Amino acid sequence: MKICIIGSGYVGLVSGACFAEVGHDVICVDNNQGKVDMLKAGKIPIYEPGLEDLVHRNVSAKKLQFTTSTEDAVDKSEVVFIAVPTPPQPDGSVDLSYIEKVAREIAVVLKPGQYRVIVDKSTVPVRTGEKVADTIRRYNKGGADFDVVSNPEFLREGCAVPDLMKPDRIVIGGNSERAIAAMQKIYEPFMAPVLVTDINSAELIKHAANSFLALKISYINAVAQICEASGADVEKVADGIGMDRRIGRNFLNAGIGYGGSCFPKDIAAFIAISDDLGVPFTLLKEVQRINATQRERFLAKIREALWVLKEKKIAVWGLTFKPDTDDVRSSVAVDVVRDLLAEGAIVTVYDPKGMEKATEYKLVEGAILANSPLEAAEGAEALIVATEWKEFAAVNFEELKERMHTPLIFDGRNLLDPVIARSFGFTYTSIGRA
Ligand code: UGA
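Residues numbered from 1 in each chain as written. Predicted model: local features only at pLDDT ≥ 70, side-chain atom pairs only at ≥ 80, totals over all residues. Heavy atoms only, no water.

Participant: Just checking my understanding: could you explain the site of the ligand for this structure?
Facilitator: Taken together, the neighbourhood of the ligand is formed by 20 residues, with Phe154, Leu155, Glu157, Lys206 and Asn210 sitting nearest. Between the ligand and lysine 206, the relevant distance is 2.7 Å, taken from an oxygen atom to a side-chain nitrogen or oxygen of the residue. The separation between an oxygen atom of the ligand and a polar main-chain atom of glycine 259 is 3.0 Å. Listed by contribution, the elements that provide at least two residues to the shell around the ligand are helix 9 (199-230) and helix 11 (263-276). When residues in the shell around the ligand are grouped by element, the largest group, four residues, is from helix 9. (Near = heavy atom within 4 Å. Polar contact = N/O pair within 3.5 Å; in protein donor to acceptor, adjacent residues only side chain to side chain. Helix = DSSP H or I, 4+ residues; strand = E, 2+ residues; numbered from the N terminus.)

Participant: It is not clear to me how the packing of aromatic side chains should be interpreted in this structure. Could you clarify?
Facilitator: A ring pair, where both rings are aromatic, is described by two values, the distance of the centres and the angle of the planes. A full pass over the atoms with the stated rule returns eleven aromatic pairs. Ring geometry for phenylalanine 397 versus phenylalanine 424: centroids 5.5 Å apart, planes at 25°, classification stacked. Residue phenylalanine 397 is located in helix 17 (residues 397-403), and its partner phenylalanine 424 is located in the loop between helix 18 (418-423) and strand 14 (427-429); the two are separated by 27 residues in the primary sequence. We classify phenylalanine 397 as buried; its relative accessible area is 8%. One aromatic cluster in this structure is built from Phe19, Phe81, Tyr187 and Phe190. Directly above the aromatic system of phenylalanine 154 lies the positively charged group of arginine 169, at a separation of 3.5 Å from the ring centroid. (Phe/Tyr/Trp six-rings, centres within 6.5 Å; stacked < 30°, edge-to-face > 60°. Buried < 20%, exposed > 50% of the residue type's maximum accessible area, 1.4 Å probe, protein only. Lys NZ or Arg CZ within 6 Å of the ring centre and 35° of its normal.)

Participant: What's the story with unusual backbone geometry in this structure? I'm lost.
Facilitator: In the Ramachandran plot, lysine 62 falls in the positive-phi region, its phi being about 60° despite a non-glycine side chain. In this fold, lysine 62 is placed in the loop between helix 3 (51-60) and strand 3 (64-67). Its identity as a non-glycine residue notwithstanding, lysine 362 has a phi of 55°, on the positive side. With respect to the helices, strands and loops of the structure, lysine 362 is situated in the loop between helix 14 (355-360) and strand 11 (368-369). Note on lysine 362: relative accessible area 54%, which makes it exposed.

Participant: For this particular structure, what's the right way to read the pattern of salt bridges?
Facilitator: Counted by the stated rule, this structure contains 30 salt bridges. Two residues, aspartate 25 and lysine 2, come together in a salt bridge whose shortest N-O distance is 3.3 Å. Residue aspartate 25 is located in strand 2 (residues 25-29), and its partner lysine 2 is located in strand 1 (residues 2-6); the two are separated by 23 residues in the primary sequence. We classify lysine 2 as partly exposed; its relative accessible area is 42%. One network of salt bridges, in which partners are shared, links Lys2, Asp25 and Lys63. (Salt bridge = Lys/Arg side-chain N within 4 Å of Asp/Glu carboxyl O.)

Participant: Help me understand helix 5 (residues 97-109), please; the structure alone is not making it clear to me.
Facilitator: Because each turn of an α-helix spans 3.6 residues, side chains separated by three or four positions in sequence point in the same direction. Its 13 residues place the ends of helix 5 19 Å apart at the C-alpha level, agreeing with the 18 Å of an ideal helix rising 1.5 Å per residue. Turning to helix 5, its buried residues are Ile99, Val102, Ala103, Ile106, Ala107 and Val109. In this fold, the buried residues of helix 5 make contact with strand 1, helix 4 (70-76), strand 4 (79-82), strand 5 (116-120) and helix 6 (128-139). (Expected span 1.5 Å × (residues − 1). Contact = heavy atoms within 4.5 Å.)

Participant: Quick question: what am I supposed to make of the packing of helix 9 against helix 12 (residues 283-306) here?
Facilitator: Helix-helix packing is characterised by the crossing angle of the two axes and by the distance between the axes. Relative to each other, helix 9 and helix 12 sit at 45°, their axes nearing to 9 Å. One element, helix 9, and the other, helix 12, form an angle in the oblique class. Relative to helix 12, the crossing made by helix 9 is left-handed. From helix 9, Ser211, Ala214, Leu215, Ser218, Asn221, Ala222, Gln225 and Glu228 reach across to helix 12, where they touch Leu283, Leu284, Val287, Ile290, Asn291, Thr293, Gln294, Arg297 and Lys301. Broken down by class, the residue content of the contact of helix 9 with helix 12 amounts to seven nonpolar, seven polar and three charged. (Axes fitted to C-alpha atoms, helices over the stretch in contact; angles between N-to-C directions. Parallel < 35°, antiparallel > 145°, perpendicular 65-115°, else oblique. Left-handed = near helix turned anticlockwise from the far one by under 90°. Nonpolar A, V, L, I, M, F, W, Y, C, P; charged D, E, K, R; others polar.)

Here you go:
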């Protein structure tokens with residue numbers, strides 16, 4: 001199939017590369033000339049395992065192209081994906097101005113007699129598809145022939161390529177057989193289960209899925225608080241709950257809370273959407289509240305141990321919102337660093353991939369950036385594990401203890417083994433386990 005994707009961010013770029021990989025002809029569009037030039041030169045603006053190879057291979061095979069011209073891309077494509085950002089507004093509701101702008105842009109370049117499927121892949125509030133269709137109809141002068149489809153994306157950062165190549169399910173929301181058939185053809189090579197729904201249901205699936213996953217995390221974090229109060233071990237409780245196949249062990253990892261560019265934004269959006277529809281989803285407010293208390297309780301433990309934080313040297317391992325990504329947006333690890341800096345601590349940070357972006361966005365100004373985990377820990381009175389990078393778990397405890405001023409570890413991701421850490425003489429504190 002001939003496909004174009006408008007918006008070469010996370011979702012757009014990874015989807016484009018994967019569609020090309022399975023044999024489609026893909027044009028990725030972005031209005032940022034610098035980014036398009038960079039992609040054309042083979043440089044990838046984000047760190048995502050496997051993506052660079054995929055892009056290089058498909059650019060060389062001429063299956064994947066980049067352009068700033070929506071007109072040219074829409075003209076050459078049977079199916080037009082929209083994958084632009086849908087950022088939050090201050091009240092939590094979704095800013096749909098990028099989607100609306102792209103809908104107008106598509107409308108003016110659609111030619112009569114040229115059927116196009118317009119697919120919304122961005123995470124959008126229910127009923128956005130109707131508005132996209134109305135907008136295209138309103139701004140198109142020549143009676144264009146098109147259908148709108150909703151096709152939410154479920155990839156996770158850090159494993160976006162495997163998630164896209166081997167998805168749990170493909171959701172296609174549409175009301176035209178012709179459009180649905182085109183979508184099925186695009187996804188046929190992925191050999192994944194396909195769920196066909198109406199547009200509204202498909203849109204709702206995305207917000208409901210992300211909110212449910214966040215709910216699962218807040219649930220186990222609330223259980224972790226009860227474990228701390230009662231002397232139980234949250235990891236064991238999670239294993240015991242998770243062995244029930246109806247529940248599952250995934251997303252039951254207690255920690256300092258979820259972050260990233262999706263969960264915080266999507267939960268706030270779902271709350272705003274439900275309020276708008278007159279059916280307030282108050283359970284999700286509790287999910288947000290529990291998430292916020294996890295970081296507060298963690299900082300309280302550090303204060304309890306160190307008493308005054310001012311001028312204390314504290315090492316933080318991790319800046320990204322999760323491992324295997326360089327994404328530091330809405331990262332709880334960044335928030336922890338900022339909290340410590342605000343209290344006057346001297347903070348030394350190390351992250352395998354996140355330091356460049358944290359510096360670029362000026363997120364941890366005032367923190368000292370180290371070149372390795374052990375360098376960060378040099379002379380520190382406490383070490384905080386804020387992101388569960390594998391390389392942190394492989395630390396040489398003996399050397400770490402030698403480097404630190406006092407052997408105190410606060411593990412906000414339950415990454416290290418308490419028994420091993422304590423056997424080396426560390427005072428070790430984690431989440432929901434004694
Ligand atoms: C999430 C969803 O998992 C994807 O399905 C969805 O497509 C994506 O949002 C999106 O809407 O674009 P992502 O934000 O990349 O993906 O990362 P996750 O792996 O879901 O992790 C989100 C946060 O939850 C991270 O901060 C992670 O540390 C935290 N988390 C995750 C926990 O605290 N505990 C867990 O058990 C799992």
